[in-house]
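As a plain string of letters, each chain reads:
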Amino acid sequence: MPMWAGGVGSPRRGMAPAPTDDLFARKLRQPARPPLTPHTFEPRPARGPLLRSGSDAGEVRPPTPASPRARAHSHEDASRPAATPTRLFTDPLALLGLPAEEPEPTFPPVLEPRWFAHYDVQSLLFDWAPRPRGTGSHTEANSGTLALAEDQITTSDLLLGATGFVSELGGEGELGLGGPVSPPVPPALPNAAVSVLEEPQTRTTAYSLEHADLGAGYYRKYFYGKEHQNFFGLDEALGPVAVSLRREEKEGSGGGTLHSYRVIVRTTQLRTLRGTISEDALPPGPPRGLSPRKLLEHVAPRLSPTCLRLGSASPKVPRTLLTLDEQVLSFQRKVGILYCRAGQGSEEEMYNNQEAGAAFMQFLTLLGDVVRLKGFESYRAQLDTKTDSTGTHSLYTTYQDHEIMFHVSTMLPYTPNNQQQLLRKRHIGNDIVTIVFQEPGSKPFCPTTIRSHFQHVFLVVRAHAPCTPHTSYRVAVSRTQDTPAFGPALPEGGGPFAANADFRAFLLAKALNGEQAAGHARQFHAMATRTRQQYLQDLATNEVTTTSLDSASRFGLPSLGGRRRATPRSPGAELQAAGALMWGVRAAPGARVAAGAETSGPDDAEVPCLLGISAETLVLVAPREGRVVFNCACRDVLAWTFSEHQLDLYHGRGEAITLRLDGPPGQAVGEVVARLQLVSRGCETRELALPRDGQGRLGFEVDEEGFITHVERFTFAETTGLRPGARLLRVCGQTLPKLGPEAAAQMLRSAPKVCVTVLPPDESGRPRRSFSELYMLSLKEPSRRGAPEPVQEETVKLVTLPTKQLLHFCLKDSSSPPGPGGLPEERTEFLHSHNSLSPRSSMSDEAPVLPNTTPDLLLVTTPNPSGTGTHRETPPSQDLSGGPSSHEDTSDSAPELRASILPRTLSLRNSISKIMSEAGSETLEDEWQSISEIASTCNTILESLSREVSLSPTGQPIPESGDPKEASKCDSEPEPGSLSEKVSHLESMLRKLQEDLQREKADRAALEEEVRSLRHNNQRLLAESENAATRLLLASKQLGSPTTDLV
């Protein structure tokens, strides 16, 4: 029998080889091992849907490319990073029963190009390769929600928890950096209300509207009706895209011209790239301007330039782009209202309530106005306004430029013997937000009793003591898990709220924010994506020309003698953009740079964020959740402490956050610090180690706010550089707002070694405050809130500064020594001189001072000189002498004079404000001097009138010391005749100033028209010169003469 190599009798089988002790032979005889399955520690991928039919039931197969676009998407170029191998275990230590080690968070990638100035938050979140929904790339169930609230089902006497819904019963606060934070107070904005970054976003009411894409008006504001270019195409990876480009010219501070490009890139995702890039941040281009292709290669490197074609000149194109961008903006809302009587709780019971009770009618009267539907011309919310088929009356109101029509269950048609009440459910069941009103004694509401695919948010309102002077309400909220959290935040226990206008504003803001937040839910997100894709597909297919991106015209005008554009004037020219520049950071609350800094707690883990700093706002955006986790105005930035890779930022009342940046040591941190120096009034802090003297004293005094009021001479504190007016930001590694005044004082008294972080005073020696602190101080001023002071009177004084100087908001106390104890003059800077990054003023956010105020008018609150900043009590002897007769004589000293002069003076002051608002920023210096004189005269008159209240029966002012002998030392009050003459003179000066202003406007208009004419003639001459050169070249060729280069 032949012996085969593989065995006996068959090439497949044979006898086993004889055993041997030779290790080499045994190694050769060993059969080949199967390949080992690679095991890694990457997370297990999400399982796809199971197939339900055929032989493939139970299998999970990857999708097969069915189109060239899908094949191109699946076979990307080799330059893209390969997919990471699949992990089978989260952490190998968990297999051994050891605590799992948390991986260090990574830095989020920063969108290219590097110096692109983003217009809004949506542009910061733009992604060229977005992951599909369900993998955590967009606002999913956990976006903007508290994980604790979603893991456990909470209930109360108003609301029952249910699977698939998140309950808010009160006290949740706002989700910020590191966890829940207390809701912000005006003028600060909630995180969900921050949208536009390039322009100041004001908070004019107590409750802000959230989750609104206010940047959707970018095309209307900067492109529509202006010269720009639109390109459409079908990208293999991105699908249909639409790009809008426009070049802008602005005059720089040095007299030169600054050029920048505004860019909009729209893809099928609901996030749009909007922003600006300066020519100084681009590679040098030819003298005729940068081509659209070169611009897009730098701004949008992931976009294929070969697929784009120039849009047609049809008027349909800009209208379609407006509709496409502004489809998320709607100022008409509909809200359903269900009525739940005592003892009721099911959907059928609430829909079958035929009549409204007294408590329900009281609530409806508070919420809005009952209107007659027939002939109603405002927003009707699908209600019949012609034949009364949907009822005769409804509830309608307006709030913050929004029209709201309520679908009230008891006002909709009632169908007898019909438990479902389809005519009512047809409207309320299609509303996204539903208010459930409960009478006292109602059963708790359960959201699963409502069978609807559109109702995502339920606001449960229960009345307490209705139809009485003590009526109040409590509120609870139930929302679907894929709806992010929204404000205003509920107080602890959900109330109680008094039945007043504030509760109405709270509830309307909650309803509007709930509907806007529900737009991020999975169902409505898919619907909006399909609509957007249809618009883009139509533009890319039907509204394009044959002009490719290469043959499109350049942005600049042709120039025969132009030179190559020079390099940027300064190394930091790209940092001077008005939009938000972006860095990838890891952020955490608290300050950690210096030695002895506060340690991180369980909630202080670093969060990967995108840092955006514009000329107006600083934001931190979590890209995975797609939400803002921190925001503050740049004028609220106090100071910063930095190292090579880390930066502590102090803001507001001294709160701090830590930012850790990636890259070469000092590079990214240096860029952030340079940006902060341009857009804020903050400065670098100082770290001081303060030893104690022989008696255990530190040698300085500090008030409750952390301001240094006194430094003893020849002490260690003075030697280290501590000065009055400085501000303590951190004591022994703990920030002052976190410590509190008592704990900080105890630490300063007892700590063996005191290390402090100090914010130096400003250039004039005054302590630094943020705008929010100045705003709150202005509200506390008696003269600002209208409450008169009993002894110390405050008058309003108008002060003017030249336009080219910095503008400040001043609070001055002339009687107190320089120090924080007497509230010295503080200021916050609204505009930068010569290097203003924002073309718009930020005065719209200032404290409410006077109507028609302008950026160049400054309000100073000046108390009468009193020697001290405290109120003095009148001795009993003075009270007896100053009886009713003396007050009567004082009040009747000059009533006709006050009645005639005071209104005229106030009217003149308002006229000054109006003139300033019309004058602009180019008013001549002599006119500024005239306005200053008028303001001083107004102040003198008002101060004289205010002092009449303190006149004695003899007409002499009583000094505050109460000694009648010192009355002769006081200045005498101006006579009535002198006041009348001053007012008349003031009116004549005002009329003359108005006439000069009108003449200046006419001269300026004529000058602008002449400049436009000169520019037009210059363009015409350039075109004629180019045509002449072309004809000369053709003539030379025809004559056979040698051609020469024309310069």
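Rules of the game
Residues numbered from 1 in each chain as written. Predicted model: local features only at pLDDT ≥ 70, side-chain atom pairs only at ≥ 80, totals over all residues. Heavy atoms only, no water. Helix = DSSP H or I, 4+ residues; strand = E, 2+ residues; numbered from the N terminus. Buried < 20%, exposed > 50% of the residue type's maximum accessible area, 1.4 Å probe, protein only. Contact = heavy atoms within 4.5 Å. Arc of directions from axis to C-beta. Phe/Tyr/Trp six-rings, centres within 6.5 Å; stacked < 30°, edge-to-face > 60°. Lys NZ or Arg CZ within 6 Å of the ring centre and 35° of its normal. Pairing = 2+ DSSP bridges. Axes fitted to C-alpha atoms, helices over the stretch in contact; angles between N-to-C directions. Core = buried A, V, L, I, M, F, W, Y, C linked by side-chain atoms within 4.5 Å. Polar contact = N/O pair within 3.5 Å; in protein donor to acceptor, adjacent residues only side chain to side chain. Parallel < 35°, antiparallel > 145°, perpendicular 65-115°, else oblique. Nonpolar A, V, L, I, M, F, W, Y, C, P; charged D, E, K, R; others polar. pLDDT = per-residue confidence, 0-100. Salt bridge = Lys/Arg side-chain N within 4 Å of Asp/Glu carboxyl O. Left-handed = near helix turned anticlockwise from the far one by under 90°.

Engineer: I tried to follow the overall build of the protein chain on my own but got confused; where do I start?
Structural biologist: For the protein chain, the count of helices and strands is 24 helices and 36 strands. The buried share of the protein chain, taken over its 1047 residues, is 44%. Contacts spanning at least 24 positions in sequence make up 68% of the contacts within the protein chain whose residues lie at least 6 apart.

Engineer: Explain helix H10 (residues 358–367) to me, please; I cannot follow it from the model alone.
Structural biologist: For the α-helix, the turn length of 3.6 residues means that residues three or four positions removed from each other point alike. Considered for burial, the residues of H10 that qualify are Ala359, Phe360, Phe363, Leu364 and Leu367. The arc that holds every buried residue of H10, seen down its axis, measures 135 degrees, which confines them to one face. Opposite the packed face of H10, turned more than 90 degrees from it, sit the exposed residues Ala358 and Thr365.

Engineer: Any chance you could explain the packing of aromatic side chains here in plain terms?
Structural biologist: Where two aromatic rings form a pair, the distance of their centres and the angle of their planes describe that pair. In this structure the tally under the stated criterion is 20 aromatic pairs. Relative to Phe458, the ring of Phe445 lies with its centre 5.2 Å away and its plane at 50 degrees, an arrangement referred to as tilted. One end of the pair, Phe445, is in the loop between strand S16 (433–438) and strand S17 (457–464); the other, Phe458, is in strand S17, and 13 residues separate them in sequence. Its relative accessible area of 2% is what places Phe445 among the buried residues. Assessed through its relative accessible area of 1%, Phe458 is described here as buried. Taking NZ or CZ as reference, Arg262 lies 3.8 Å from the ring centre of Tyr222, over its face. The aromatic ring of Phe714 is capped on one face by Arg713, whose charged end is 4.9 Å from the ring centroid.

Engineer: It is not clear to me how helix H8 (residues 316–325) should be interpreted in this structure. Could you clarify?
Structural biologist: Listing the buried residues of H8 in full gives Val317, Thr320, Leu321, Leu322, Leu324 and Asp325. Each element contacted by the buried residues of H8 is listed here: helix H6 (218–222), strand S7 (229–235), strand S8 (239–251), strand S9 (257–266) and helix H13 (522–542).

Engineer: Is there a simple way to explain the sheet that holds strand S10 (residues 273–278) in this structure?
Structural biologist: The strands that make up a sheet pair up through hydrogen bonds in the backbone, lying either parallel or antiparallel. One open sheet holds the seven strands; their spatial order is S3-S10-S9-S8-S7-S11-S20, and the pairing between them is antiparallel. In the strand order of this sheet, the two ends are held by strand S3 (117–118) and strand S20 (544–548), each with one partner. The sheet strands contacting H8 are S7, S8 and S9, and the helix crosses S7 at an angle near 65 degrees.

Engineer: Hey, could you run me through the sheet that holds strand S29 (residues 686–690) in this one?
Structural biologist: Read across the sheet, four strands follow the order S29-S34-S32-S33 without closing on themselves; strand pairing throughout is antiparallel. A strand with exactly one partner marks an edge of an open sheet, and here the two such strands are S29 and strand S33 (734–735). Note that strand S32 (residues 727–731) and strand S34 (residues 754–759) share four bridges and pair antiparallel. The residue bridging Leu728 from the neighbouring strand is Val758, located in S34.

Engineer: Any chance you could explain the nonpolar core here in plain terms?
Structural biologist: For soluble globular proteins, the rule of thumb is that nonpolar side chains tend to be buried together. Core analysis: the biggest nonpolar cluster contains 72 residues, and Trp128, Leu308, Trp583, Leu611, Leu620 and Leu659 have the highest contact counts within it. Top element by residues in this core is helix H14 (residues 667–679). It accounts for six residues. Ignoring sequence-local partners within four residues, the contact set of Leu620 consists of Leu177, Val585, Ala587, Cys609, Leu610, Leu611, Arg627, Val628, Val629, Phe630, Ile657 and Leu659. Formed by 41 residues, the second largest nonpolar core is a distinct cluster that contains Tyr207, Phe406, Ala511 and Ala518.

Engineer: Please clarify how unusual backbone geometry should be interpreted in this entry.
Structural biologist: With the exception of glycine, most residues fall at negative phi, and the peptide bonds are largely trans. Backbone torsion omega between Pro186 and Pro187 reads 10 degrees, so that peptide bond is classified as cis. Within the secondary structure layout, Pro187 lies in the loop between strand S6 (179–181) and H6. Here Gly487 and Pro488 are connected by a cis peptide whose omega angle stands at 0 degrees. For Pro488, the location among the structural elements is in the loop between strand S18 (472–480) and strand S19 (497–498). For Gln382, which is not glycine, the phi dihedral falls at a positive 65 degrees.

Engineer: What is the right way to read the side chain of Asp648 from this model?
Structural biologist: Tracing the chain through its elements places Asp648 in strand S26 (residues 646–651). The class of Asp648 is buried, set by a relative accessible area of 0%. A distance of 3.0 Å separates a polar atom in the side chain of Asp648 from a polar atom in the side chain of Thr658.

Engineer: Where do I start with the pairing of strand S11 (residues 308–311) in this structure?
Structural biologist: For a regular strand, side chains alternate in direction, first toward one face of the sheet and then toward the other. Direction of pairing for S7 relative to S11: antiparallel, over a ladder of three bridges. For Phe232, the partnering residue across the bridge sits in S11 and is Arg309. The pairing of S11 with S20 spans two bridges and is classified as antiparallel. The partner of Arg309 across the bridge, within S20, is Ser548.

Engineer: Got a minute to help me understand the packing of H10 against helix H12 (residues 501–518) in this structure?
Structural biologist: In the contact formed by H10 and H12, the axes pass within 9 Å of each other and the chain directions differ by 80 degrees. Here H12 runs roughly perpendicular to H10, going by the angle between their axes. For the pair H10 and H12, the contacting residues are Phe363, Leu366 and Leu367 in the first and Phe503, Arg504, Leu507 and Leu508 in the second. Looking at side-chain class alone, the contact of H10 with H12 contains six nonpolar, no polar and one charged residues.

Engineer: Teacher, can you tell me more about the pairing of strand S24 (residues 627–633) here?
Structural biologist: Of all seven residues in S24, six are buried; the element is thus mostly enclosed. Hairpin connection between strand S23 (residues 617–622) and S24: a loop of four residues separates the two successive antiparallel strands, and Gly626 in this loop has a positive phi of roughly 70 degrees.

Engineer: What is the right way to look at the environment of Cys340 in this model?
Structural biologist: Structurally, Cys340 is set in strand S12 (residues 332–340). Placed 100 residues apart in sequence, Cys340 and Pro440 show a C-alpha to C-alpha distance of 9.6 Å. Non-local contacts of Cys340, meaning those with residues more than four positions away in its chain, are made with Gly345, Met350, Asn353, Phe437, Gln438, Glu439 and Ser442.

Engineer: Got a minute to help me understand the side chain of His456 in this structure?
Structural biologist: Assignment of secondary structure puts His456 in the loop between S16 and S17. Relative accessible area serves as the criterion here: at 6%, His456 is assigned to the buried category. Side-chain polar atoms of His456 contact the backbone oxygen of Phe454, separated by 3.0 Å. Residues within four places of His456 in sequence aside, it is in contact with Ile432, Ser478, Arg479, Thr480, Asp482, Thr483, Ala518, Ala521, Gln523 and Phe524.

Engineer: Explain the confidence of the model for the protein chain here, please?
Structural biologist: Segments scoring low in pLDDT should not have their predicted coordinates read at a detailed level. Counting all residues, the mean pLDDT for the protein chain is 74, and 64% of those residues have values of 70 or more. Low pLDDT, under 50, characterises residues 949–976; the predicted model gives this stretch 30 contacts beyond four residues in sequence or across chains.

Engineer: What is the right way to read the pattern of salt bridges from this model?
Structural biologist: Side chains carrying opposite charge are able to pair once their charged atoms draw close together. This structure, assessed with the given rule, holds 38 salt bridges. A salt bridge links Asp213 to Arg274, with the shortest nitrogen-to-oxygen separation between them at 3.4 Å. In this pair, Asp213 sits in the loop between S6 and H6 while Arg274 sits in strand S10, placing the two residues 61 residues apart along the sequence. Residue Asp213 is classed as buried on the basis of its relative accessible area of 12%. Relative accessible area serves as the criterion here: at 2%, Arg274 is assigned to the buried category.

Engineer: Mind showing me how you'd approach the environment of Pro484 here?
Structural biologist: Looking at the element boundaries, Pro484 is found in the loop between S18 and S19. The buried category is assigned to Pro484, whose relative accessible area is 2%. Residues Pro484 and His211, spaced 273 residues apart in sequence, show a C-alpha to C-alpha distance of 9.2 Å.

Engineer: Explanation requested: the environment of Cys467 in the structure shown.
Structural biologist: Its place among the elements puts Cys467 in the loop between S17 and S18. Residue class for Cys467 comes out partly exposed when judged on its relative accessible area of 48%. For the pair Cys467 and Phe360, spaced 107 residues apart in sequence, the C-alpha separation works out to 9.6 Å.

Engineer: Quick question: what am I supposed to make of the packing of H8 against H13 here?
Structural biologist: A pair of packed helices can be characterised by two numbers: the angle between their axes and the separation between those axes. The contact between H8 and H13 brings their axes to 10 Å, and the two run at 165 degrees. As judged from the angle between their axes, H8 and H13 are roughly antiparallel. In this structure, H8 meets H13 at a crossing whose hand is left-handed. Taken together, the residues of H13 that come into contact with H8 (itself represented by Lys316, Thr320, Leu321, Thr323 and Leu324) are Arg532, Tyr535, Leu536, Asp538 and Leu539.

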